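Tertiary structure, described
Given next are the chains, with one letter for each unit.
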Amino acid sequence: MVVGALAFAACGGGDDDDAGGGYVEPKGPATETVTVKAGNIFFDPETVTAAAGVTKLTLQGIAGGHTLVFDDAYPGFQLEISGDSTDAKKIDLKPGKYTYYCDVLGHRAAGMEGTLTVK
């Protein structure tokens, strides 16, 4: 019975975390909303500016299946859309410059990448 429980836990079962690798949204209201559109191997805009603090980051789909994840800065954070759907999460942004990209196989290599500047 212990082996079964360990195997279940190792596969990510048994917790309330979302598919975003355990990312936990910050508490409290967002001070602003930033929307990025995703389509056929592009983000619009490719360069986004936001204020430091809790922000609602929205990925709005135009076509295809896409994600928005960050290079190392916000582990486990992921937005995911399919077709014309929308996904949004709050994120506590710290000042700096961050690269976001689509981690669907081949999309980043094809140029689906952007920059978020937080002031």
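Up top is the structure these notes are about.
Note that the coordinates shown come from a computational prediction; the quantities given were computed from them, not determined experimentally.

Attention now moves to the packing of aromatic side chains. The tally for this structure, following the rule as stated, stands at five aromatic pairs. The interplanar angle of 70° and the centroid separation of 5.1 Å between the aromatic rings of Phe-43 and Tyr-100 together place this pair among those described as edge-to-face. Taken together, the residues span a long stretch of sequence, with Phe-43 in strand 2 (residues 42-44) and Tyr-100 in strand 8 (residues 96-101) at a distance of 57 residues. As far as the burial class goes, Phe-43 and Tyr-100 line up, both buried. Note on Phe-70 and Tyr-74: the rings are 5.4 Å apart at their centroids and 65° apart in plane angle, and the pair reads as edge-to-face.

As a further point, take the sheet that holds strand 4 (residues 53-61). Pairing between the strands of a sheet comes from backbone hydrogen bonds, and it takes one of two forms, parallel or antiparallel. If you walk across this open sheet you meet the four strands as 2-1-4-7, and the pairing is mixed. Looking at strand neighbours, the two that pair on one side only are strand 2 and strand 7 (86-93), the edges of this open sheet. For this sheet, the mean angle separating the axes of adjacent strands, direction not counted, is 25°. As defined by bridge partners, strand 1 (residues 32-39) adjoins strand 4 across seven bridges and the pair is classed as parallel. Across the sheet, Val-36 pairs through a bridge with Leu-59, a residue of strand 4.

In terms of nonpolar packing, the biggest core is built from 23 residues, with Phe-43, Leu-68, Phe-70 and Phe-77 touching the most fellow members. Secondary structure elements with two or more residues in this core: strand 1, strand 3 (47-50), strand 4, strand 5 (65-70), strand 6 (79-82), strand 7, strand 8 and strand 9 (113-118). With three residues, strand 1 is the single largest residue contributor to this core. With sequence-adjacent residues up to four places away left out, Phe-43 is seen in contact with Val-36, Lys-37, Ala-38, Leu-59, Thr-67, Leu-68, Tyr-100, Tyr-101, Cys-102, Met-112, Glu-113 and Gly-114.

Cis geometry is found at the peptide bond from Asp-44 to Pro-45, where omega equals 5°. One can find Pro-45 in the loop between strand 2 and strand 3. Backbone geometry places Ile-41, a non-glycine residue, at a positive phi of 65°. Residue placement: Ile-41 occurs in the loop between strand 1 and strand 2. Residue Ile-41 is classed as partly exposed on the basis of its relative accessible area, which comes to 26%. Of note in the backbone geometry, Asp-72 takes a positive phi value of approximately 55° without being a glycine.

The rules we used
- Residues numbered from 1 in each chain as written.
- Predicted model: local features only at pLDDT ≥ 70, side-chain atom pairs only at ≥ 80, totals over all residues.
- Heavy atoms only, no water.
- Phe/Tyr/Trp six-rings, centres within 6.5 Å; stacked < 30°, edge-to-face > 60°.
- Helix = DSSP H or I, 4+ residues; strand = E, 2+ residues; numbered from the N terminus.
- Buried < 20%, exposed > 50% of the residue type's maximum accessible area, 1.4 Å probe, protein only.
- Pairing = 2+ DSSP bridges.
- Axes fitted to C-alpha atoms, helices over the stretch in contact; angles between N-to-C directions.
- Core = buried A, V, L, I, M, F, W, Y, C linked by side-chain atoms within 4.5 Å.
- Contact = heavy atoms within 4.5 Å.

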